[in-house]
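Remarks on the overall topology
Listed here are the chains, written in short residue letters.
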Amino acid sequence: MRTYIWEGIGWIGALFSLLAFSLNSLNVIGSQSVQYLGMNIIGCFCLILYAVFKKAHASWVLNSIFLLMAVVALLKANGYF
């Protein structure tokens, strides 16, 4: 049962990341919008959890960097930098 939960978390992360990319590519949302950055943050976080569970080190490191960049961009877009 636990494996299915982790798989679900991974799929949710993939869905959020793909949705953010697709909506941005179709010019529905901007790359600096709260929606885009929020979807990327959620997607990266879920994919990090999944990668840690799977012991996929390269994947969780990469998604951690993407998550950090999305958080910095969100803070910058909201005037904190």
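A short tour of the structure in this document, coming up.

So, how was this worked out
Residues numbered from 1 in each chain as written. Predicted model: local features only at pLDDT ≥ 70, side-chain atom pairs only at ≥ 80, totals over all residues. Heavy atoms only, no water. Disulfide = S-S within 2.5 Å. Buried < 20%, exposed > 50% of the residue type's maximum accessible area, 1.4 Å probe, protein only. Axes fitted to C-alpha atoms, helices over the stretch in contact; angles between N-to-C directions. Helix = DSSP H or I, 4+ residues; strand = E, 2+ residues; numbered from the N terminus. Parallel < 35°, antiparallel > 145°, perpendicular 65-115°, else oblique. Left-handed = near helix turned anticlockwise from the far one by under 90°. Contact = heavy atoms within 4.5 Å. Core = buried A, V, L, I, M, F, W, Y, C linked by side-chain atoms within 4.5 Å.

1. Things to note about the state of the cysteines
In the structure shown here, the tally under the stated rule is zero disulfides. Between C44, a free cysteine, and C46, which holds the nearest cysteine sulfur, the sulfur-to-sulfur gap is 9.6 Å. Judged by its relative accessible area of 3%, C44 is buried. Of the residues examined, C46 reaches a relative accessible area of 13% and is grouped as buried.

2. Brief notes about the packing of helix 2 (residues 34-54) against helix 3 (residues 57-77)
At a closest axis distance of 8 Å, the pairing of helix 2 and helix 3 adopts a crossing angle of 155°. One finds that helix 2 runs roughly antiparallel with respect to helix 3. As for how helix 2 packs across helix 3, the hand of that crossing is left-handed. Contacts between helix 2 and helix 3 involve V34, L37, N40, I41, C44, L47, I48, A51 and V52 from the first element and S59, W60, N63, S64, F66, L67, A70, V71, A73 and L74 from the second.

3. A closer look at the nonpolar core
In terms of nonpolar packing, the biggest core is built from six residues, these being A20, I29, Y36, L37, M39 and A73. Looking at this core element by element, the count peaks at three residues for helix 2. Of all hydrophobic cores here, the second largest spans five residues; its members include I41, C44, I48 and L67.

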